[in-house]
Amino acid sequence: MKESSRLTARQCLAQTSNGSQESTRPTSCSSKNDPRVYCLGAAGVEERDFCLGHQIIESELQSAMDALLNLRDVADADAGQCLALCLARLESANYVLTRFYEHMSPDLFGQFRVFYGKNPYKNTLGPSGRFSARIVAVSVLLIGEQLFHQKPQFYRDLYRLSEYYPQRCIREVFRWLSSDKGSAPLKPGWLEGKADFPRIATISPVMEHHGGEIGMLRTSCICARDRFTRMHRSTALKYTVEPGRPIVGVEVSENVEAVLSQRLLTEERR
Ligand code: HEM
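A brief report on the enclosed structure follows.

Conventions and cut-offs
Residues numbered from 1 in each chain as written. Predicted model: local features only at pLDDT ≥ 70, side-chain atom pairs only at ≥ 80, totals over all residues. Heavy atoms only, no water. Helix = DSSP H or I, 4+ residues; strand = E, 2+ residues; numbered from the N terminus. Contact = heavy atoms within 4.5 Å. Areas by Shrake-Rupley, 256 points an atom, 1.4 Å probe, with all protein chains shown as cover. 1 Å grid on protein atoms, 1.4 Å probe; cavity = no way out; pocket = protein on both sides within 12 Å on 5 of 7 lines; lining within 4 Å. Points joined across faces, edges and corners; volume = space filled by probe spheres on them. Nonpolar A, V, L, I, M, F, W, Y, C, P; charged D, E, K, R; others polar. Axes fitted to C-alpha atoms, helices over the stretch in contact; angles between N-to-C directions. Parallel < 35°, antiparallel > 145°, perpendicular 65-115°, else oblique. Left-handed = near helix turned anticlockwise from the far one by under 90°. Phe/Tyr/Trp six-rings, centres within 6.5 Å; stacked < 30°, edge-to-face > 60°. Lys NZ or Arg CZ within 6 Å of the ring centre and 35° of its normal. Buried < 20%, exposed > 50% of the residue type's maximum accessible area, 1.4 Å probe, protein only. Near = heavy atom within 4 Å. Polar contact = N/O pair within 3.5 Å; in protein donor to acceptor, adjacent residues only side chain to side chain. Sits in = over half its atoms within 2 Å of the grid points.

## Topic: the overall build of the protein
- Scanning the protein from N- to C-terminus turns up 10 helices and zero strands.
- Each helix and strand of the protein, ordered N terminal to C terminal, gives the series α-α-α-α-α-α-α-α-α-α.
- In the protein, the share of contacts with a sequence separation of at least 24, taken over all contacts with a separation of at least 6, comes to 75%.
- Roughly 13,200 Å² of accessible area belongs to the protein as shown, and the carbon and sulfur atoms make up 55% of that amount.

Next up, the structure:
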């Protein structure tokens, strides 16, 4: 990619970033605007942009999550404003992810990706965007109940692999999904069919008081989230699965294709 367009990319990245505390990337991406990277030269620049892109996407997801929490938890919140803000942040995350898909060099990705593998001495999974707690939070807030009815495996995997997620954020989500707010059980009754899915964890109860335009705005947010998931699936296939690079965030018993479309709802039952 020409230096000029990368520069534009960086300026664009700078504009959208409002900084997130927890990134899903390994510690090497430690400092926010100047991540430490493993590689030098062109591979180092690409690796740095990979880290910054993840940080920016996480910060956009945080803003989308905050807007949805405001709508769910604040009695007189302006529903239109909350959903419009959520939509704008998700679109911005889609923009950065699309830049990955269109511009990241597969060769340079291959060079730095080797440093983000599984720990060879432990039988554990490696660093993966799969363990982005904010992706889970936005999905639960927007369509948590539909996801449970259509893709219960998503929740089973979430609780089974909870140790891999940033703990503060994922425990917050588990508290939303637990009937007793004090705790975050790792085997909630609803997951085993012993109780109803906790709709109050989502924005659905609030949305019942809104129709028309507000309802359309919510549908636009769901579509933006699905576009992110589909663009991500294409990115994962292009850069990791099709070139046969190691899959680090999926267990041997799992199917990577199924994992990559696990958070997608079927059209008619949105
Ligand atoms: C830019 C290049 C990216 C590539 C090549 C990529 C590749 C992959 C691959 C191969 C998987 C399967 C599990 C694994 O092996 O880790 C995966 C899963 C996943 N990644 Fe990424 N990823 C990228 C960026 C991101 C970003 C920026 C996020 C969001 C913060 C993200 C979130 C996820 C999620 C949530 C999953 C689980 C499947 C899903 O629910 O959609 N990934 N990714």
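Once the structure has been displayed, the description carries forward.
## Some remarks on empty space enclosed by the protein
- If you walk through the whole model with that rule in mind, you get three cavities of 30 Å³ or more.
- In this structure, the largest cavity spans a volume of roughly 870 Å³.
- Taken together, 41 residues line the largest cavity, and the ones lying closest to its centre are Ser128, Gly129, Arg130, His232 and Leu260.
- A per-element tally of the lining of the largest cavity places helix H9 (residues 212-241) first, with eight residues.
- Classifying every residue of the lining of the largest cavity gives 24 nonpolar, 11 polar and six charged.

## Here's the deal with the packing of helix H2 (residues 41-73) against helix H3 (residues 79-103)
- It is the contact of H2 with H3, at a shortest axis distance of 8 Å, that shows an interaxial angle of 165°. Considered as vectors, H2 and H3 are oriented roughly antiparallel to each other. For the crossing formed where H2 meets H3, the hand is left-handed.

## Concerning the packing of aromatic side chains
- One pass over the structure, following the stated rule, counts 19 aromatic pairs.
- Seen from their ring centres, tyrosine 155 and tryptophan 190 are 5.2 Å apart, and the 90° between their planes marks the pair as edge-to-face. Of this pair, tyrosine 155 sits in helix H6 (residues 152-160) while tryptophan 190 sits in the loop between helix H7 (167-176) and helix H8 (204-207); the two residues are 35 residues apart in sequence, bridging distant segments of the chain.
- Linked through ring pairs, Tyr38, Phe50, Phe100, Phe109, Phe112, Phe115, Tyr116 and Tyr239 together constitute an aromatic cluster.
- The positively charged end of arginine 72 is found above the aromatic ring belonging to tryptophan 176, 4.7 Å away from the centroid.
- In this arrangement the basic side chain of lysine 238 is found over the ring face of tyrosine 101, its NZ or CZ atom lying 4.5 Å from the centre.

## Looking at helix H4 (residues 106-113)
- Buried within H4 are the following residues: Leu108, Phe109, Gly110, Phe112 and Arg113.
- Those residues of H4 that are buried lie in contact with H2 and H9.

## Description of the site of the ligand
- Near the ligand there are 25 residues, and of these Ser128, His232, Ile247, Val248 and Arg263 occur at the shortest range.
- At 2.7 Å, a side-chain N or O of serine 128 approaches an oxygen atom of the ligand.
- Between valine 248 and the ligand, the recorded distance is 3.1 Å, taken from a backbone N or O atom to an oxygen atom.
- With respect to the pocket detection grid, the ligand is positioned in the largest cavity.
- Elements supplying a minimum of two residues to the shell around the ligand: H2, H9 and helix H10 (256-260).
- Ranked by the residues each element gives to the shell around the ligand, the list is headed by H9, at six residues.
- Considered class by class, the residues forming the shell around the ligand number 15 nonpolar, seven polar and three charged.

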